[in-house]
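Each chain, letter by letter, is given below.
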Amino acid sequence: MSATPTSLDPRIITRGREFFSSISGESPSVFNKGWWTGKVMDWAMKNEDFKVQMFRFVDVLPYLSTSESLSRHIEEYFAGDDSNIPDVLKWGATKTKFGGGLVAKVLNKTIRSNIESMARQFIIGQEAKEAVKGIKKLRKDGFAFVLDLLGEATVSEVESAAYRDGYLEVLNAIHKELDKWNALDNGAGGLDWGHTPKVNVAVKPSAFYSQSKPVDLEGTVDGMVASIEPVYKKVMEMGGFMCIDMEQLKYKEATVELYKRLRTKYPDYPHLGIVFQAYLRSVDEDVSSFIGWAREVNLPVSIRLVKGAYWDYETVLAKQNDWPVPVWTHKPESDMAYERVGRYILENSDICHFACASHNIRTISAIMESAAELKVPEERYEFQVLYGMAEPVRKGLKNVAKRVRLYCPYGDLLPGMAYLVRRLLENTANESFLKQTFADEADMDRLLENPAETLRRQLEGKCVTPSEDKCGMPRFKNFPPADFTLAAERDAYPASIAKLRKTMGGTVPLYINGQDVTTADTLDSYNPALPSEILGSVCQAGVEEVDRAVEAASAAYLTWRDVAPEERAEALLKAAQYLKDNVHDMAALQVLEVGKQWDQAQADVGEAIDFLEYYAREMIRLGKPRRMGRAPGEMSHLFYQGKGVAAVIAPWNFPMAISVGMVSAAIVCGNPVVYKPAGSSSCVGRALVDMWKAAGLPDGVFNYCPGRGSVMGDHLVDHPEVSVIAFTGSMEVGLRIQERAAKVQPGQQQCKRVIAEMGGKNAIIIDDDADLDEAVLGVLYSAFGFQGQKCSACSRVVVLDSIYDRFVERLTEAAKSVKLGPSENPANYMGPVVDKAAQQNVLRYVKIAEEEGRVLVKREVSEDLKATGGCYVPLTIVGDITRDHRIAQEEVFGPVLSVMRAKDMDEALAIANSTKFALTGAIYSRSPRNLERAYKEFRVGNLYLNKPSVGALVERHAFGGFKMSGVGSKSGGPDYLLQFLDPRLVCENTMRRGFAPIEEDDDWLS
Ligand SMILES: Cc1cc2nc3c(=O)[nH]c(=O)nc-3n(C[C@H](O)[C@H](O)[C@H](O)COP(=O)(O)OP(=O)(O)OC[C@H]3O[C@@H](n4cnc5c(N)ncnc54)[C@H](O)[C@@H]3O)c2cc1C
């Protein structure tokens, strides 16, 4: 696509100047300082801290149903000495401090009503009737409309259905009136301006189907089509227009596919539009392939081009996940893309109608001039702006272009606040054209200049940030999670799974001293979704093989210990590379062997890579001897050496991540390893052999010894030549290991160190002001992701009384909406538990839960799934649980969630802390004070504020608990390796005959 020709620039600038002069002296109402909203916007633009507090307060406001909670939040958000806080908020905040007297109540009421009227400014009505009235008024003023129903976050199919019904309701209300409406400009055929339907609605597809997710493209599109089609039929019946809005990038592909399905299903009905976002780097390709498709199927289409509303979200998400940032990072790049793609659409106006949606006078002028130059007929393009914003722009547009449509959201204030925050952010962003024009009163020439020139200026003098850490290696970064918006990522799984199926099922030997070793005793590892499918017949080590493995490790120790730390680290980096090269195959193995969903399996492999990369760097850091003290004439060095042979006893729930984490920590510290994987994940365990072979590890340093715990477990722990035992698993086994390791065996030369990560009974607290859209999904994911079999999984949700019913209703509906079935099908949210023993154990706890509480959800296993013989258990949520119930105290390790009621935050924290475990926890709250309390008083190893309790990342969320949840310091954290090392200190007297060499950092007399 080619940029706007520079020859057009003078005309664009002239047009822009005329535009500005036609609206001179006017300002959008949001910037009118005579009004409360304008004042707040002004404060927000001057003070970033206030802006954050204010927008967060706006966001929480609809949840503050009592005068008490409103007062409390005003105080928490706005009390303090900050002179930048507007008086009305400050007074409200101070008055509440003194017991919430009458004055405070009045002020609080004023604040609430001011914010509500702020929201109303952007929303055409809360009810269908009000919306219709508002629309009629707009039409009287000569504006067309596109109606949007607020309510983007649906967490269950019940909510999605209600959302769809909301559309049908308002369409029915409009239908009754429709005949009475004159077409705008007395257009022929009852069409506005003679060519476009009077009724126009916008739909946000993800809200129509609560189970939308990029990993399941087909299922998402099917769900969206099924839910939106009735609305589209109604629109068609009314002779209206429907535009499919574009949301976050993760829904882009499904949205385009949805459009194509509807458009081809009703080929004779042309009034269907779609939105593309110019801020996406892919926009040129997005639009050209879409128009290419339209030509291919020979169907006219319509595009609304926007810059895009989720710039911050997309940027943060990409940065957090280390994905390439999908949006342009310089604002003029979005502007250039808009002009370029807008022109391209105009060039294709024979098949594509164009809705130019922008408040930017430069952008609008560029489109107008391109349209004029290309001689695009007027009915082939129109202009759109948001209701409640940029009134001068819409007026100016109407004067010159006539065809202006207002995007009118309507609906409850609750979802309305999220929309309001977006609009406030948009208006106060430094990059916003509206802010620059009407608030900053920027120079008109700059506002109208070619964005290419603005970009050139911005790029001048930019510097690059260093990407190396102190060891001279690239800085540690977490391996990016799978981005399932990429087709290659989605296609990789079926391919890897099919490949695995062709090769799996054979004998899996032990690996001792660089040799495969077979045994007569074997144990089949099977697919828990289909137990007849065998992944491998795994040889089982007995005591004899354990002795051989320890002997090999022991023999390798003295050499491996003295290999330079950098060289040991190098082996880890090579191992990491091997996993990166084989990430899908490694993950596919987990999908079939332990029933992990694609994303969970990839995250597991990613975590293994992270451990390798992180511990390699940590060893290089620790490997440098540290001078102790600075006394002249003496050189004291502290340094570390590996402790000796390490026994690593790993769990099946993070079969690669935790195994690799413990094994690599031991190895990089100079300790050869005897590794015992869990029985149900021994094939994943065997993959470590290939990994270490690829890394070139010497024989004997890594020994793979799966075996029955009852046969060889104690023998390994008791072995006198084992120095370190790294264990992750149940509390019972962990305690047993500690007890046995404490006993000195004949011939034993050193005290054993035990690092044990054990169980959890993790709670999530839901405060009365929690954002339920996030809290419900966060709890669902924490409790039922990978079938609740993570040690960090949420098994108790503690809900404050005043929000209990609302939360529980949404949670239970959400839990009823998710799909259950084999994890290899990405549509399924929950699969089988790991094996038959786990299945029996969970079923036992489901029974206990039923006896102790009130069953809120029990998703019985379907007959189809039962017929597979898979290890399925019902997804279970049980209410009325109190702290003395067994289900509130014992670790289940399965998809059983207890809901507990707390009268206030004191009680919620007491309940959360009331078990013998202290692993993870989370709280969803928008009260700064309660978040601070949780920070201090919610005593767990890993606490998450407004995030799920699961998904720890190496370094960023170094992981591990205390109390009965474990002993040792956090894995993936800076202290972890120290546990595998013995510190040594060597002190040399450097003075000879009264002469001492001078060292750089000596503490001589100054
Ligand atoms: C009728 C209508 C319908 C809409 N429908 C949708 C929709 O379906 N989906 C959707 O996402 N949005 C939609 N929007 C919102 C729209 O995306 C924003 O209103 C629009 O981006 C603002 O652009 P502007 O040209 O008015 O203002 P400008 O101030 O010129 O542009 C602001 C925009 O620039 C981009 N930007 C900001 N900072 C940067 C940066 N550092 N680097 C690169 N780019 C940056 C962002 O997209 C930001 O919104 C719609 C808007 C209208 C008017």
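One can find the structure itself at the top, above this paragraph.
Scope of this entry: the structure provided in the associated data block. Model, not experiment: these values are computed from the prediction.

### What about the layout of surface pockets?
Counted as a void, the second largest pocket has a volume near 1,200 Å³. Forming the boundary of the second largest pocket are 47 residues, of which Trp-652, Phe-727, Gly-729, Ser-730 and Val-733 lie nearest the centre. Looking at the lining of the second largest pocket, the elements that each hand over two or more residues are strand S12 (522-527), helix H28 (709-718), strand S19 (722-728), helix H29 (731-742) and helix H32 (836-852). The biggest single contributor to the lining of the second largest pocket is H29, with 6 residues.

### Digging into the nonpolar core
Ranked by internal contacts, the top residues of the largest apolar core, which has 134 residues, are Phe-57, Leu-147, Ile-174, Met-242, Leu-262 and Phe-290. It is helix H10 (residues 217-237) that provides the largest number of residues to this core, a total of 9 residues. Dropping the residues within four chain positions of it, Leu-147 is found in contact with Ile-124, Ile-135, Tyr-167, Val-170, Ile-174, Asn-200, Val-201, Ala-202, Cys-408 and Tyr-410.

### Let's talk about the sheet that holds strand S21 (residues 762-766)
Taken in spatial order, the 7 strands line up as S23-S24-S25-S22-S21-S27-S28 in an open sheet, and their pairing is mixed. Unpaired on one side and paired on the other, strand S23 (854-859) and strand S28 (942-945) mark the two borders of the sheet. The mean angle between the axes of side-by-side strands here comes to 15°, regardless of whether they run parallel or antiparallel. Across 5 bridges, the pairing between strand S22 (residues 794-800) and strand S25 (residues 896-902) is parallel. When the bridges of S25 are listed, Leu-800 appears paired with Ala-902.

### So, helix H11 (residues 252-265)
The terminal C-alpha atoms of H11, which comprises 14 residues, lie 20 Å apart, in line with the 20 Å expected from a rise of 1.5 Å per residue. Along H11, the residues classified as buried are Lys-252, Ala-254, Thr-255, Val-256, Leu-258, Tyr-259, Leu-262 and Arg-263. Contacts from the buried residues of H11 go to helix H9 (205-208), H10, strand S3 (241-244), strand S4 (272-277), helix H12 (283-297) and strand S5 (301-306).

### Thoughts on the sheet that holds strand S13 (residues 530-539)
Pairing within the open sheet is mixed, and its 3 strands lie in the order S9-S13-S12. Of all the strands in the sheet, the pair left with one neighbour each is strand S9 (507-508) and S12. Pairing geometry for S9 and S13, over 2 bridges, is parallel. Residue pairing in the sheet places Val-508 in a bridge with Val-538 of S13.

### Some thoughts on empty space enclosed by the protein
Going through the model one piece at a time under the given rule, you end up with 8 cavities of 30 Å³ or more. Residue lining of the largest cavity: 17 residues in total, with Gly-788, Ala-793, Ser-795, Phe-893 and Gly-894 positioned closest to the centre. Broken down by secondary-structure element, the contributors of at least two residues to the lining of the largest cavity are S22 and S25. Looking at side-chain class alone, the lining of the largest cavity contains 9 nonpolar, 5 polar and 3 charged residues.

### Description of the site of the ligand
Taken together, 30 residues lie near the ligand, and Gly-308, Ser-334, Ser-358, Glu-426 and Phe-433 sit nearest. Measuring from an oxygen atom of the ligand, one finds a side-chain N or O atom of Lys-307 at 2.8 Å. At 2.8 Å from an oxygen atom of the ligand is found a side-chain nitrogen or oxygen belonging to Asn-360. Its free accessible area being 950 Å², the ligand has 93% of it covered by the protein chains. Tallied by class, residues from the shell around the ligand come to 13 nonpolar, 10 polar and 7 charged.

### Observations concerning the packing of aromatic side chains
Tallied over the full model, the rule gives 30 aromatic pairs. Aromatic pair Tyr-167 and Phe-208: ring centres 5.5 Å apart, planes at 35°, arrangement tilted. Highlighted residues: Tyr-167 in helix H8 (residues 157-178) and Phe-208 in helix H9, separated in sequence by 41 residues. The pair formed by Tyr-167 and Phe-208 is uniform in burial state, with each residue classed as buried. Within the aromatic cluster, the residues linked to one another by ring pairs are Phe-476, Phe-611, Tyr-614, Tyr-615, Tyr-976 and Phe-980.

Here is what the cut-offs are and how they apply
- Residues numbered from 1 in each chain as written.
- Predicted model: local features only at pLDDT ≥ 70, side-chain atom pairs only at ≥ 80, totals over all residues.
- Heavy atoms only, no water.
- 1 Å grid on protein atoms, 1.4 Å probe; cavity = no way out; pocket = protein on both sides within 12 Å on 5 of 7 lines; lining within 4 Å.
- Points joined across faces, edges and corners; volume = space filled by probe spheres on them.
- Helix = DSSP H or I, 4+ residues; strand = E, 2+ residues; numbered from the N terminus.
- Core = buried A, V, L, I, M, F, W, Y, C linked by side-chain atoms within 4.5 Å.
- Buried < 20%, exposed > 50% of the residue type's maximum accessible area, 1.4 Å probe, protein only.
- Contact = heavy atoms within 4.5 Å.
- Pairing = 2+ DSSP bridges.
- Axes fitted to C-alpha atoms, helices over the stretch in contact; angles between N-to-C directions.
- Expected span 1.5 Å × (residues − 1).
- Nonpolar A, V, L, I, M, F, W, Y, C, P; charged D, E, K, R; others polar.
- Near = heavy atom within 4 Å.
- Polar contact = N/O pair within 3.5 Å; in protein donor to acceptor, adjacent residues only side chain to side chain.
- Areas by Shrake-Rupley, 256 points an atom, 1.4 Å probe, with all protein chains shown as cover.
- Phe/Tyr/Trp six-rings, centres within 6.5 Å; stacked < 30°, edge-to-face > 60°.

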